[in-house]
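Below, each chain spelled out in residue letters.
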Amino acid sequence: QVHIVESGGGFVQPGGSLRLSCLASGSILMIDTMGWYRQAPGKQRELVASITTGDRTNYADSVKGRFTISRDNAKNTVYLQMNNLKPEDTAVYYCNTHGRMSPWRTFDSWGQGTQVTVSS
């Protein structure tokens, strides 16, 4: 079993910054892709950013230039640095990790989410 824990959400004024962290633990052989998704009230969950083992990154157009995703493979941790936050960034942010528990078994795990609220 793989357990995902997010942290770092909170309340911030427009233009402010937050850093989200996500730790994966449990029966992990290797992790390939780690990513952050978000879901605002009444909207579908959407990809914010993802990063592969080789540090290839992918960002939603709405966050390019403001958000930066990074990972620490030794710690099975992924981060999302969010700068110049806007009210439209308000959402529950979820961490997703995909990898292998063994040569024969993959996993695709989600955290419970962390709330980010941007408001004046």
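Enquirer: Which residues make up the packing of aromatic side chains, and what values go with them?
Expert: What the rule picks out here adds up to one aromatic pair. The side chain of R45 reaches across the aromatic face of Y94, ending 3.7 Å from its centre. We note R45 situated over the ring of W110; from NZ or CZ to the ring centre the distance is 4.7 Å.

Enquirer: Could you give an account of the environment of S119, with specific residues and numbers?
Expert: The topology assignment puts S119 in the segment after β11 (114–118). Expressed as a C-alpha distance, the spacing of S119 and D89, which sit 30 residues apart in the sequence, is 9.7 Å. Setting aside residues no more than four positions away along its own chain, S119 makes contact with F11, V12, Q13 and P14.

Enquirer: Residues and numbers for the sheet that holds strand β8 (residues 77–82), please.
Expert: The strand order β1-β3-β8-β7 describes an open sheet built from four strands, whose pairing is antiparallel. Every interior strand has two partners, whereas the edge strands, β1 (2–7) and β7 (67–72), have only one. Averaged over all adjacent pairs, the angle separating strand axes in this sheet is 15°, with direction ignored. Where β1 and strand β3 (residues 18–26) come together, six bridges link them in antiparallel fashion. Following the sheet pairing, I4 is matched in β3 by A24.

Enquirer: Describe unusual backbone geometry, naming the residues involved and giving the relevant values.
Expert: Of note, D55 is a non-glycine position whose phi angle comes to about 65°, a positive value. Mapping D55 onto the fold places it in the loop between β5 (46–51) and β6 (57–59). You will see that N76, though not glycine, has its phi angle at about 50°, which is positive. Mapped onto the elements, N76 comes out in the loop between β7 and β8.

Enquirer: Got a sec to walk through the environment of M101? Specific residues and values, please.
Expert: As for its placement among the helices and strands, M101 is situated in strand β9 (residues 91–102). Residue class for M101 comes out buried when judged on its relative accessible area of 18%. A C-alpha to C-alpha distance of 8.0 Å links M101 and Q1, two positions 100 residues apart in sequence. Not counting residues up to four positions away in its chain, the partners in contact with M101 are Q1, V2, S27, L29 and F107.

Enquirer: Can you tell me about the state of the cysteines, naming the residues and giving the values?
Expert: Per the stated rule, a full pass over the model turns up one disulfide. Across a sulfur-sulfur distance of 2.0 Å, C22 and C95 are joined as a disulfide pair. Around the S-S axis, the bridge from C22 to C95 shows a dihedral of about -75° and counts as left-handed. In this pair, C22 sits in strand β3 while C95 sits in strand β9, placing the two residues 73 residues apart along the sequence. With relative accessibility at 1%, the residue C22 sits in the buried group.

About the criteria used
Residues numbered from 1 in each chain as written. Predicted model: local features only at pLDDT ≥ 70, side-chain atom pairs only at ≥ 80, totals over all residues. Heavy atoms only, no water. Phe/Tyr/Trp six-rings, centres within 6.5 Å; stacked < 30°, edge-to-face > 60°. Lys NZ or Arg CZ within 6 Å of the ring centre and 35° of its normal. Helix = DSSP H or I, 4+ residues; strand = E, 2+ residues; numbered from the N terminus. Contact = heavy atoms within 4.5 Å. Pairing = 2+ DSSP bridges. Axes fitted to C-alpha atoms, helices over the stretch in contact; angles between N-to-C directions. Buried < 20%, exposed > 50% of the residue type's maximum accessible area, 1.4 Å probe, protein only. Disulfide = S-S within 2.5 Å.

These figures come from the coordinates and say nothing about function on their own.
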